[in-house]
Amino acid sequence: MSKIFTSLGIDTYDVLEAAGTKWNFINMRPGLVGGHCIGVDPYYLAQCGQRHGYYPEIILAGRRMNDGMGEYVADRVVKLMLRKGIAVLNSHILLLGFTFKENCPDVRNTKVIDIIRHLEQYSVKLTIFDPWANPDVAHHEYGVEVVNQLPQDDYDAAILAVAHNEFKELDLPSLLRPRHVIFDVKGFLPREIIDARL
């Protein structure tokens, strides 16, 4: 859904705030949907339905949307960088969060890996900072380097992928070059410091 709002120039969170005035509104926020319950189990349900002659179009459409979200985020960041005249090749991008959800060490079925894999195609230097993730597990399972302490460096762009509480204390603009991009996947950062969000 957030892809549609974004392409129309409408902020997803403004829509959610307006919808929240209805008594029966269920507040679902955009983001990367990993883990097992929502990220994997619907495929079992879909397969079961198909075995019994039912094609669960809504379930599969939702999974297609979620499965493409990492690539969508990476593409948006690259386009924003280009629009600001920031060279993407060999740029230094800070990725905040690697676990599949906030304030949790679990990296199983994390969809953050999709952002990483897509950005790797642009030969960028990625720093993946997650105070919750175990770097050894991340390296073993995904072949990526995750750090638990944030290296002081000048970054061209930052992507907040997971809304860990620790990131509330982060002075993100101070870590970035004067011309930079901040993309907020979770709608977690102050609106005035970001360039875009889902």
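Keep in mind the model is a prediction, meaning the values are calculated, not measured.

Here we look at helix α3 (residues 41-51)
Buried within α3 are the following residues: Pro-42, Ala-46 and Gly-49. One face of α3 carries all of its buried residues, which in axial projection span an arc of 60°. Residues of α3 that are exposed and point over 90 degrees away from its buried face: Tyr-44 and Arg-51. Residues of α3 that are buried sit in contact with α4 (57-67). Gly-53 lies just past α3 and shows a positive phi near 85°.

As for the pattern of salt bridges
By the definition in use, this model includes nine salt bridges. Residue Lys-111 is joined to Asp-114 by a salt bridge in which the shortest nitrogen-to-oxygen separation is 3.1 Å. Classification of Asp-114 as partly exposed rests on a relative accessible area of 24%. The partner of Arg-177 in a salt bridge is Asp-156, and the shortest N-O contact between them spans 2.8 Å. On the criterion of sequence distance, the pair formed by Arg-177 in strand β5 (residues 176-184) and Asp-156 in strand β4 (residues 155-160) is long-range, its members being 21 residues apart.

What counts, and at which threshold
- Residues numbered from 1 in each chain as written.
- Predicted model: local features only at pLDDT ≥ 70, side-chain atom pairs only at ≥ 80, totals over all residues.
- Heavy atoms only, no water.
- Buried < 20%, exposed > 50% of the residue type's maximum accessible area, 1.4 Å probe, protein only.
- Helix = DSSP H or I, 4+ residues; strand = E, 2+ residues; numbered from the N terminus.
- Arc of directions from axis to C-beta.
- Contact = heavy atoms within 4.5 Å.
- Salt bridge = Lys/Arg side-chain N within 4 Å of Asp/Glu carboxyl O.

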